[in-house]
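Remarks on the overall topology
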Amino acid sequence: IGIAGFSAGGHLASTTGTHFTTKENRPDFMILLYPVITMKAELTHGGSRNSLLGNNPSNELVEKYSNETRVTALTPPTFIVATADDKVVPIGNSYAFVEALKKNDVPVLMKTYEKGGHGFGLRKNNIPADNWTYVLTFWLKSLGYAVEK
């Protein structure tokens, strides 16, 4: 059973994959689209940070919910999609998470598109980012998951 999340939902999904306490509540994989990962002021999405942590969170709370700092070798394999022209959630969130995953030898595939902005999701927009679901299918198959069209 995997978990997917887009934008602020990507933070929720990555929290599930980095804050689990037992094997039973750990997802088998994560799918994150233009995710909010960190709560650190210089890189986060301010609205998500304020909604989750309040206007003046403690350093301890910021660190706890900056999910790139919570990655371990037990973090599930992760698929990430982001765009270079996202003006809402900086792509640096995704890069920071990929770096932490690689540092801990967690399988990760990040697909980056030059254009697509924020919020393209599953709808077809006649842009290259429309193809992310095909890349995801091949990635899931590479992990041994049966994927039906």
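Residues numbered from 1 in each chain as written. Predicted model: local features only at pLDDT ≥ 70, side-chain atom pairs only at ≥ 80, totals over all residues. Heavy atoms only, no water.

Now for the sheet that holds strand E2 (residues 30–33). In sheet architecture, strand pairing relies on hydrogen bonds along the backbone and comes in two forms, parallel and antiparallel. What the 4 strands build is an open sheet, ordered E1-E2-E3-E4; its pairing is parallel. One side of each edge strand has no neighbouring strand; the edge strands of this open sheet are strand E1 (3–6) and strand E4 (108–113). Taking the axes of each pair of neighbouring strands and ignoring which way they run, one obtains an average angle of 10 degrees across the sheet. Inspection of the sheet shows E2 paired to strand E3 (residues 78–83) by 4 bridges, in the parallel sense. Residue pairing across strands places Met30 opposite Thr78, the latter belonging to E3. Most of the contacts of helix H1 (residues 8–18) go to E1, to which it runs at about 150 degrees, and overall it touches E1 and E2. Relative to E3, helix H5 (residues 132–142) is tilted by about 160 degrees, and along the sheet it contacts E1, E2, E3 and E4. (Pairing = 2+ DSSP bridges. Helix = DSSP H or I, 4+ residues; strand = E, 2+ residues; numbered from the N terminus. Axes fitted to C-alpha atoms, helices over the stretch in contact; angles between N-to-C directions. Contact = heavy atoms within 4.5 Å.)

Before going further, it helps to spend a moment on H1. Of the residues making up H1, those classed as buried are Gly10, His11, Ala13, Ser14, Thr15, Gly17 and Thr18. Where H1 is buried, its residues contact E1, E2, helix H2 (46–53) and helix H4 (92–103). (Buried < 20%, exposed > 50% of the residue type's maximum accessible area, 1.4 Å probe, protein only.)

Looking now at the packing of aromatic side chains. According to the stated counting rule, one finds 6 aromatic pairs in the structure shown. A ring pair is formed by Phe79 and Trp139, whose centres lie 5.6 Å apart and whose planes are at 40 degrees; its orientation type is tilted. With Phe79 in strand E3 and Trp139 in helix H5, this pair connects stretches of sequence that are 60 residues apart. Side by side, Phe79 and Trp139 carry an identical accessibility label, which is buried. Chaining the aromatic ring pairs together yields one cluster made of Phe6, Tyr34, Phe120 and Trp132. Against the face of Tyr113 rests Lys111, its NZ or CZ located 5.1 Å from the ring centre. (Phe/Tyr/Trp six-rings, centres within 6.5 Å; stacked < 30°, edge-to-face > 60°. Lys NZ or Arg CZ within 6 Å of the ring centre and 35° of its normal.)

Ser48, Arg49 and Leu53 are the residues of H2 that are buried. With its buried residues spanning 100 degrees around the axis, H2 presents them on a single face. Summarising the contacts, the buried residues of H2 are in contact with H1 and helix H3 (59–64). Just past H2, the residue Gly54 takes up positive phi, approximately 90 degrees. (Arc of directions from axis to C-beta.)

On to the nonpolar core. Residues Leu32, Ile80, Phe97, Leu101 and Met110 are the most contacted members of the largest nonpolar core, which totals 15 residues. Counting residues per element, the ones that place at least two in this core are E2, E3, H4 and E4. Tallying contributions element by element places H4 first for this core, with 4 residues. With near-sequence residues (within four places) excluded, Phe97 lies in contact with Ser14, Thr18, Met30, Leu32, Ile37, Asn67, Glu68, Val71, Thr78 and Ile80. One finds Ile31, Phe79, Tyr113 and Phe120 within the second-largest nonpolar core, a separate group that totals 13 residues. (Core = buried A, V, L, I, M, F, W, Y, C linked by side-chain atoms within 4.5 Å.)

A word on the pairing of E4. One ladder, built from 6 bridges, connects E3 with E4; its direction is parallel. Along E4, the bridge assignment pairs Thr83 with Tyr113. Remark: the E3/H4/E4 crossover connection has right-handed handedness. (Right-handed = clockwise from strand over helix to strand, strands pointing away.)

With that settled, consider the confidence of the model for the chain. Confidence along the chain averages 92 in pLDDT terms, with 99% of residues attaining 70 or more. For the chain, per-element mean pLDDT is lowest for H2, which scores 73, and highest for E2, which scores 98. (pLDDT = per-residue confidence, 0-100.)

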